[in-house]
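# Examining the three-dimensional arrangement
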Amino acid sequence: MKKKIIIANWKMKLMSAESAGFVEEFVKIYKSNKKMEAVLCPTFISLQSVAAQLKDKEIFLGAQDCFWEEDGAFTGEVSPKNLKELGCRFVIIGHSERRSHLLETDEVVHNKVKAALRQGLVPIICVGETFEERQEGAKDFVVMNQVTKAIEGLELDAEDQLIVAYEPVWVIGSGQAVAPEEAEHTHQVIRQVLIDHFEPATVKERVRIIYGGSVDSSNIKDFFAFQNIDGALVGGASLEPETFNNLIQQASQVN
Ligand code: 13P
């Protein structure tokens, strides 16, 4: 049985001292449970110190991006091998903020996913439509296309896991999530793409589809009530330890 997962994406919002302060408080109040995994994704700069703080705690570490090569002359880039070395288990890839501000293409996302898997990291592949794409009625097509391009030709080895995060771009940071029914529908569409590509059993056991976009402690239960929603990727509501812990506790109450 796959566990549900809640992932904190701190983006560029918590500096090193703030990250340290968060973890110091969070480890005191967070109670791990059998149903749920919790992941913190600080900035690259804070990874090492957060890793030390999380040692022997049942809280996982993730990065917000990685490069598609392991090493070499790539000034300023961060190797997935280095992330693994620091204790990361997860890495966010193709977040819409990187797709729009850093012009990351589907090909870049695909290469990063492969590089992450080579290191035994779990890629969190972000997909989602913009408001304009939605208004054109292209939502499902856009999402299917992004997922397909990210996983084209990919095989999952026995130990590999994958996460697809559906994040409608237009609700990120808006305070207004999409209706959980709508997220469930899009997750079904994504699951079908995954099943068409991998073996159904592989998808069932090793791929999780999670929702992101204005998730908070007041709506998390509504999302988790749906069968195809395996977790959440949380931005704003993950920046304070009490708020994030409360969100996880709410989610844990859903069967
Ligand atoms: P918010 O939860 O702030 O809408 O951010 C979502 C997000 O982009 C997580 O990756």
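Summarised in this report is the structure supplied together with it.

## Section: the pairing of strand E7 (residues 207-212)
Counting buried residues in E7 gives six out of six residues, a clear majority hidden from the surface. The two faces of E7 match: Val207, Ile209 and Tyr211 on one face and Arg208, Ile210 and Gly212 on the other face are all buried. Direction of pairing for strand E6 (residues 162-166) relative to E7: parallel, over a ladder of five bridges. Bridge pairing links Ile163 to Arg208 in E7.

## What to know about helix H5 (residues 106-118)
An α-helical turn contains 3.6 residues, so a residue and the one three or four places further along point in the same direction. With 13 residues, H5 should cover 18 Å at 1.5 Å per step; its first-to-last C-alpha distance of 18 Å lies within 8% of that length. The set of residues buried in H5 consists of Val108, Val109, His110, Lys112, Val113, Ala115, Ala116 and Leu117. Where H5 is buried, its residues touch helix H3 (80-86), strand E4 (90-93), helix H4 (96-101), strand E5 (122-127), helix H7 (139-151) and E6. Just downstream of H5, Gly120 is the residue with a positive phi angle, here 75°.

## Notes on the site of the ligand
Around the ligand, the structure places Asn9, Lys11, His95, Glu167, Ile172, Gly173, Gly213, Ser214, Leu233, Val234, Gly235 and Gly236. Take His95: an N or O atom from its side chain is 2.8 Å from an oxygen atom of the ligand. A class-by-class count of the residues in the shell around the ligand yields three nonpolar, seven polar and two charged.

## Description of the environment of Asn82
Turning to its location among the elements, Asn82 is positioned in helix H3. Residue Asn82 is classed as partly exposed on the basis of its relative accessible area, which comes to 34%. Separated by 37 residues in the primary sequence, Asn82 and Gln119 have C-alpha atoms spaced 9.4 Å apart. Looking at Asn82, its side chain comes within polar contact range of the side chain of Glu85, at 3.0 Å.

## Looking at the packing of helix H1 (residues 16-29) against helix H11 (residues 241-252)
Remark: H1 packs on H11, axes separated minimally by 9 Å, with the N-to-C direction vectors making an angle of 35°. Two packed elements cross with a definite hand, and for H1 against H11 that hand is right-handed. Note on element contacts: H11 touches H1 through Pro241, Glu242, Phe244, Asn245 and Ile248, opposite Phe22, Glu25, Phe26 and Ile29. Taken together, the residues of the contact of H1 with H11 sort by class into six nonpolar, one polar and two charged.

Reading the values: rules and limits
- By convention here, each chain's residues receive numbers from 1 onward along its written sequence.
- Totals for whole chains, interfaces and linings use all residues, but because this is a predicted model, local features are given only for residues with pLDDT of at least 70 and pairs of side-chain atoms are given and counted only at 80 or more.
- Side-chain figures throughout are based on the complete set of non-hydrogen atoms in the structure, without hydrogens or water.
- Burial here depends on accessible area, computed with a 1.4 Å probe over protein chains only, as a share of the maximum for the residue type. Under 20% is buried, over 50% is exposed, and the range in between is partly exposed.
- In this description a helix means any DSSP run of H or I spanning at least four residues, a strand means any run of E spanning at least two, and both kinds are numbered starting from the N terminus.
- We treat two strands as partners when DSSP finds at least two bridges between them.
- Multiplying 1.5 Å by the helix residue count minus one yields the expected span of that helix.
- Between two residues, a contact is recorded if the distance between any of their heavy atoms is within 4.5 Å.
- Any residue with a heavy atom positioned within 4 Å of a molecule or strand is treated as near that molecule or strand.
- A 3.5 Å cut-off defines polar contacts: any pair of N or O atoms within that distance qualifies, except that in protein one atom must be a possible hydrogen donor and the other a possible acceptor, and neighbouring residues in sequence count only when both atoms are side-chain atoms.
- Gly falls in the polar group here, along with every residue not listed as nonpolar (Ala, Val, Leu, Ile, Met, Phe, Trp, Tyr, Cys, Pro) or charged (Asp, Glu, Lys, Arg).
- Angles here are taken between N-to-C directions and fall from 0 to 180 degrees, while the axes themselves are lines fitted to C-alpha atoms, restricted in helices to the stretch in contact.
- Each helix crossing is assigned a hand: it is left-handed if the near helix lies turned anticlockwise from the far helix by less than a right angle, otherwise right-handed if that turn is clockwise.

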